[in-house]
Amino acid sequence: MKRVQSVCLALLFTPLLFWVAPVMAEDTVCIQCHSGQEGLLGKPVELWRGSVHAANGISCHDCHGGDPTDFAMAMSPERGFIGAPDYVAVPEFCGRCHLGVKEDYQGSAHGRALAAGGPQCVLCHGNHEVQLASIELINEESCSRCHEYERAAVVKQTINGTEVTLHRLERSVAALHRVGIDMRRIKEDLFAKRNSFRRLFHTVELEKIKNQTAEFNQSLLKIKQQIDDHESELGQRKIVGGVIVLLLLLGGCIALLIRKSYHEEE
Ligand code: HEC
Ligand code: HEC
Ligand code: HEC
Ligand code: HEC
Ligand code: HEC
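Let me begin by describing the structure that accompanies this report. (Residues numbered from 1 in each chain as written. Chains lettered and ligands numbered in written order. Predicted model: local features only at pLDDT ≥ 70, side-chain atom pairs only at ≥ 80, totals over all residues. Heavy atoms only, no water.)

1. Some remarks on the overall build of the protein chain
To keep things clear, this is the line we draw: Helix numbering and strand numbering both begin at the N terminus, where a helix is a DSSP run of H or I of at least 4 residues and a strand a DSSP run of E of at least 2. Contacts are assigned to residue pairs with any non-hydrogen atoms lying within 4.5 Å of each other. Working definition of accessibility: Shrake-Rupley area with a 1.4 Å probe, residue cover restricted to the visible protein chains.
Along the backbone of the protein chain there are 13 helices and zero strands. Its helices and strands taken in sequence order, the protein chain reads α-α-α-α-α-α-α-α-α-α-α-α-α from the N to the C terminus. Here the analysis covers contacts within the protein chain between residues at least 6 apart in sequence; of these, 58% occur between residues at least 24 apart. Accessible area of the protein chain: about 18,700 Å², with a carbon and sulfur share of 62%.

Structural data, given as structure tokens:
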């Protein structure tokens with residue numbers, strides 16, 4: 001009986017183990033030791049947990065290097081530990097993974113001003129608390145630290161119109177997809193456009209942003225045309241469907257009337 005009981009218990013707890021296991025796997029020695037530290041040494045853990053990086057499996061050692069499995073050797077340079085970058089080294093540090101952004105940034109007025117105190121990645125995105133990017137990152141508090149907000153506001157305004165159009169098109173595509181229309185090609189097209197559009201910001205070059213935004217709006221117009229076609233086709237289908245239902249109803253009524261008058265004649 002005892003044995004049956006323990007087998008039952010084990011069976012009961014097995015799913016719990018599977019549920020706990022991935023959480024433990026995430027706890028590298030870096031996280032285990034640093035979450036017990038005070039102040040600047042412990043704070044990164046809390047901040048990181050709520051970040052877009054944690055959500056995508058990018059952990060301490062992916063950014064800082066080192067050995068996440070060995071308590072004693074974790075932070076030794078022989079195991080690839082590179083430590084925390086200083087201010088001017090940050091673009092190279094983040095740019096190992098965000099190559100396109102790094103390129104655009106380094107060619108920009110901001111990148112060229114780096115050594116003289118120009119803004120870098122962490123100043124705008126934060127370090128451990130990095131979130132999904134959006135144009136809300138362009139705001140008075142952040143962008144008026146070094147120059148007047150005016151030039152930032154113009155950039156935001158220029159990007160914003162296209163951003164709104166993109167969101168609207170994405171919603172239409174989702175709605176058409178829900179009623180069973182094949183939107184795969186248009187969806188891929190839109191996704192690619194969105195990605196290259198979002199690359200534009202880091203150049204902070206107003207002329208370039210204006211010109212390219214105009215080009216984007218042109219190609220978005222073409223995509224919108226295709227979506228409109230689908231929508232009006234759907235509308236027509238609905239009208240045709242409605243007419244058929246109406247005709248069927250009418251047919252039913254006539255049949256009923258004929259039958260009725262036939263019976264009355266009897
Ligand atoms: C056994 C505890 C322990 C482990 C394990 C550990 N750290 Fe640390 N870490 C510390 C302490 C203590 C400091 C501050 C003193 C120092 O710099 O050595 C520190 C400092 C740091 C710094 C700041 C260094 C600088 O240049 O200012 C970074 C970044 C860091 N750790 C990342 C990591 C990463 C990534 C891992 C895992 C690969 C890791 N740590 C593993 C205890 C630990
Ligand atoms: C997305 C990359 C990234 C990840 C992931 C990351 N860090 Fe950092 N970390 C940085 C950068 C950049 C700095 C340099 C500080 C700055 O410029 O603001 C830094 C600095 C630090 C410092 C020095 C103290 C400080 O706050 O300046 C410590 C300690 C540290 N990180 C520990 C960790 C630990 C522990 C983890 C995992 C929980 C982690 N980091 C995850 C990018 C990262
Ligand atoms: C002056 C502020 C600023 C600086 C400096 C900056 N960013 Fe950004 N970043 C933004 C803004 C604003 C957006 C959102 C743009 C949009 O949505 O059109 C963004 C978007 C992003 C994105 C998402 C868009 C994409 O193309 O994937 C990534 C990734 C990113 N930044 C990484 C970085 C890295 C890495 C650096 C340093 C090399 C950096 N940023 C420097 C403000 C900044
Ligand atoms: C080891 C690789 C790696 C490093 C180093 C790294 N990132 Fe990331 N980052 C990623 C991945 C993976 C994602 C999630 C997928 C994506 O959106 O590209 C991401 C996402 C982001 C996003 C959100 C992108 C979006 O679509 O809105 C921003 C912003 C960002 N990172 C900024 C930074 C900054 C700032 C640093 C330096 C402090 C940095 N990253 C360092 C790998 C990295
Ligand atoms: C840490 C300081 C700093 C911050 C913060 C900062 N900038 Fe800049 N910005 C500069 C410097 C330096 C220049 C180049 C010199 C100049 O034109 O004044 C510049 C230039 C610009 C330019 C003109 C670029 C050109 O090619 O003419 C624009 C646009 C701009 N910034 C937008 C922004 C936006 C948007 C933000 C906020 C997301 C921002 N800046 C935040 C320092 C900063």
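2. Observations concerning the pattern of salt bridges
What counts, and what does not: Whenever a carboxyl oxygen of Asp or Glu lies within 4 Å of a side-chain nitrogen of Lys or Arg, that contact is scored as a salt bridge. For every residue, the accessible area (1.4 Å probe, protein chains only) is compared with the maximum for its type, and the residue is labelled buried under 20%, exposed over 50%, or partly exposed between those bounds.
If you walk through the whole model with that rule in mind, you get 10 salt bridges. Measuring nitrogen to oxygen at the nearest pair gives 3.0 Å for the salt bridge that ties Lys224 to Asp228. Taken together, the positions of Lys224 and Asp228, both in helix 13 (residues 206–265) and four residues apart, correspond to about one turn of that helix. On the accessibility criterion, Asp228 (27% relative accessible area) is partly exposed. We note a salt bridge from Glu233 to Arg237, for which the minimum N-O separation is 3.9 Å. Of this pair, Glu233 and Arg237 both sit in helix 13, four residues apart, which is roughly one turn of the helix. Assessed through its relative accessible area of 40%, Glu233 is described here as partly exposed. According to the relative accessible area criterion, Arg237 is partly exposed, its value standing at 48%.

3. A short note on the coordination of the iron atom of ligand 2
Heads up, the condition is: Any N, O or S atom lying within 2.8 Å of the metal counts as a donor, with the limit raised to 3.2 Å for Na, K and Ca; because water is left out of the atom set, some sites can appear incomplete. Every angle between 85 and 135 degrees makes a four-donor site tetrahedral, while opposite donors more than 155 degrees apart, with all other angles between 65 and 115, make a four-donor site square planar and a six-donor site octahedral; other sites are irregular.
At 2.0 Å from the iron atom of ligand 2 lie its protein donor atoms, namely His64 (NE2) and His128 (NE2). Relative to the metal, the six donor atoms surrounding the iron atom of ligand 2 lie at angles of 87 to 179°, and the coordination shape comes out octahedral. Linking His64 in helix 5 (residues 60–64) with His128 in the loop between helix 9 (121–125) and helix 10 (140–143), this pair joins segments that are 64 residues apart in sequence. Residue classification places His64 among the partly exposed positions, given a relative accessible area of 22%.

4. Digging into the coordination of the iron atom of ligand 4
Summarising the metal site, the iron atom of ligand 4 is bound by the protein donors His53 (NE2) and His98 (NE2), whose distances to it range over 2.0 to 2.1 Å. Note that the iron atom of ligand 4 binds six donor atoms; their angles at the metal cover 88 to 179°, and the shape is octahedral. Taken together, the residues span a long stretch of sequence, with His53 in helix 4 (residues 52–55) and His98 in the loop between helix 6 (90–95) and helix 7 (99–106) at a distance of 45 residues. Residue classification places His98 among the partly exposed positions, given a relative accessible area of 44%.

5. Let's talk about the site of ligand 4
Cut-off, in case you're wondering: Residues are classed as near a molecule or strand on a simple rule: at least one heavy atom within 4 Å of it. For this analysis, a polar contact is any N or O atom pair within 3.5 Å, provided that within protein one partner can donate a hydrogen and the other can accept it, and provided that sequence-adjacent residues contribute only side-chain to side-chain pairs. Here the term charged refers only to Asp, Glu, Lys and Arg, the term nonpolar to Ala, Val, Leu, Ile, Met, Phe, Trp, Tyr, Cys and Pro, and the term polar to all other amino acids, Gly among them.
As a structural note, the neighbourhood of ligand 4 is formed by 19 residues, with His53, Cys94, Cys97, His98 and Ala133 the closest of them. Within the side chain of His53, an N or O atom sits 2.9 Å from a nitrogen atom of ligand 4. His98 is positioned with one of its side-chain polar atoms (N or O) 2.8 Å from a nitrogen atom of ligand 4. In terms of residue count, the dominant contributor to the shell around ligand 4 is helix 9 (three residues). Its residues placed into classes, the shell around ligand 4 shows 11 nonpolar, five polar and three charged.

6. A look at the side chain of Asp67
If you trace the backbone, Asp67 turns up in the loop between helix 5 and helix 6. By relative accessible area, which is 15% here, Asp67 ends up buried. Side chain to side chain, Asp67 and Arg79 meet in a polar contact 2.7 Å long. Residues contacting Asp67, with those up to four places away along its chain left out, are Val29, Met73, Ala74 and Arg79.

7. What about a nonpolar patch on the surface?
Formally: Patch building starts from residues that exceed 30% relative accessible area and form no salt bridge, then joins like charges within 9 Å and nonpolar side chains (Val, Leu, Ile, Met, Phe, Trp, Tyr) within 5 Å.
A cluster of nonpolar side chains, Ile239, Val243, Leu247, Leu250, Ile254 and Ile258, forms an exposed patch at the surface whose accessible area comes to about 590 Å². Its place among the elements puts Ile254 in helix 13. According to the relative accessible area criterion, Ile254 is partly exposed, its value standing at 45%.

8. Considerations on the site of ligand 2
Close contacts around ligand 2 come from 17 residues, with Cys60, Cys63, His64, Asn127 and His128 the closest. A distance of 2.8 Å separates a nitrogen atom of ligand 2 from a polar side-chain atom of His64. In the model, a nitrogen atom of ligand 2 is placed 2.8 Å from a nitrogen or oxygen of the His128 side chain. Every element with two or more residues in the shell around ligand 2 is listed here: helix 3 (43–49) and helix 5. Residues of the shell around ligand 2, tallied by class, amount to 11 nonpolar, six polar and no charged.

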